[in-house]
Amino acid sequence: MTVRRVVPNITSEAMRESREFYGLLGFEEVMDHGWIMTLASPTAPGAQVSIMTADQTAPVAPDLSIEVDDVDAAYALVRAGGAEIVHPLQDEEWGVRRFFVRDPNGRVVNVLGHR
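Described below are features of the structure shown in this document. (Residues numbered from 1 in each chain as written. Predicted model: local features only at pLDDT ≥ 70, side-chain atom pairs only at ≥ 80, totals over all residues. Heavy atoms only, no water.)

## Side note on the sheet that holds strand β5 (residues 64-68)
- If you trace the eight strands from one edge of the open sheet to the other, you get β2-β3-β4-β1-β5-β8-β7-β6, paired in mixed fashion. Bordering the open sheet on either side are β2 (28-32) and β6 (84-91), each of which pairs with just one other strand. Within the sheet, the average angular offset between the axes of one strand and its neighbour, ignoring direction, is 25°.
- Where strand β3 (residues 36-40) meets strand β4 (residues 48-52), five bridges bridge the pair, whose relative direction is antiparallel. Residue pairing across strands places M37 opposite I51, the latter belonging to β4.
- Lying on the sheet, helix α1 (residues 15-24) is in contact with β1 (3-11), β2, β3 and β4; it crosses β3 at an angle near 5°. (Pairing = 2+ DSSP bridges. Helix = DSSP H or I, 4+ residues; strand = E, 2+ residues; numbered from the N terminus. Axes fitted to C-alpha atoms, helices over the stretch in contact; angles between N-to-C directions. Contact = heavy atoms within 4.5 Å.)

## Describing the side chain of N110
- Residue placement: N110 occurs in strand β8 (residues 108-114).
- For N110, a relative accessible area of 7% puts it in the buried group.
- Reaching out from N110, the side chain makes a polar contact with the side chain of S65 at a distance of 3.0 Å.
- Sequence-distant contacts of N110, that is, excluding residues within four places in its chain, are made with P62, L64, S65, I66, R98, F99 and F100. (Buried < 20%, exposed > 50% of the residue type's maximum accessible area, 1.4 Å probe, protein only. Polar contact = N/O pair within 3.5 Å; in protein donor to acceptor, adjacent residues only side chain to side chain.)

## Things to note about the nonpolar core
- Counting residues in hydrophobic clusters, the biggest one holds nine residues: V68, V71, A74, Y75, L89, F99, V101, V109 and V111.
- For this core, the secondary structure elements donating two or more residues are α2 (71-80), β7 (96-102) and β8.
- Tallying contributions element by element places α2 first for this core, with three residues.
- Setting aside its immediate chain neighbours within four residues, F99 contacts V71, A74, Y75, V78, I85, H87, P88, L89, V109, N110 and V111. (Core = buried A, V, L, I, M, F, W, Y, C linked by side-chain atoms within 4.5 Å.)

## Some points on α2
- Within the sequence span of α2, burial applies to V71, A74 and Y75. Around the axis of α2, the buried residues are gathered within 100° of arc, so they sit on the same side. Those residues of α2 that are exposed and angled more than 90 degrees off the buried face are L77 and A80.
- Its side-chain oxygen 3.3 Å from the backbone nitrogen of D72, D70 forms the N-cap of α2.
- Residue G82 follows α2 closely and has a positive phi angle near 85°. (Arc of directions from axis to C-beta.)

## Points about the pattern of salt bridges
- Inspection of every chain in the model, using the stated rule, returns 13 salt bridges.
- Among the salt bridges present, the one from D91 reaches R115, with a minimum N-O distance of 3.8 Å. Of this pair, D91 sits in strand β6 while R115 sits in the segment after β8, and the two are 24 residues apart along the sequence.
- One connected set of salt bridges, linked through shared partners, spans D72, D91, R97 and R115. (Salt bridge = Lys/Arg side-chain N within 4 Å of Asp/Glu carboxyl O.)

## Side note on the pairing of β6
- Two strands pair when backbone bridges link them, and β6 and β7 are joined in this way by five bridges, in the antiparallel orientation. Opposite I85, over in β7, you have V101 as the bridge partner.
- If you look at the hairpin formed by β6 and β7, you'll find four residues sitting between the two strands, and G95 has a positive phi there, around 95°.

See the structure below:
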């Protein structure tokens, strides 16, 4: 399993203001589903931040997202390691397969792979 990118997720009701603020730092909008917006650097597209009001299909908003090349393998590894699964492995309508797991610090991590 390979990590492809790590994206911090900021829970906020100030979507427009956040887009404007991070725009001052050089970020541009690359995705907007209404409830989550991802901003990226045009010169380093892997440098991203997501702003979300709430997660559309999960019980909590994750603190960060980690995209991997094999989400099923990641799921098997964290389950075997005894980690708390916060949101089960599932396919989402926007084209990702994901699950949420709680890290030792209590942070919720969204582990995902694109389909």
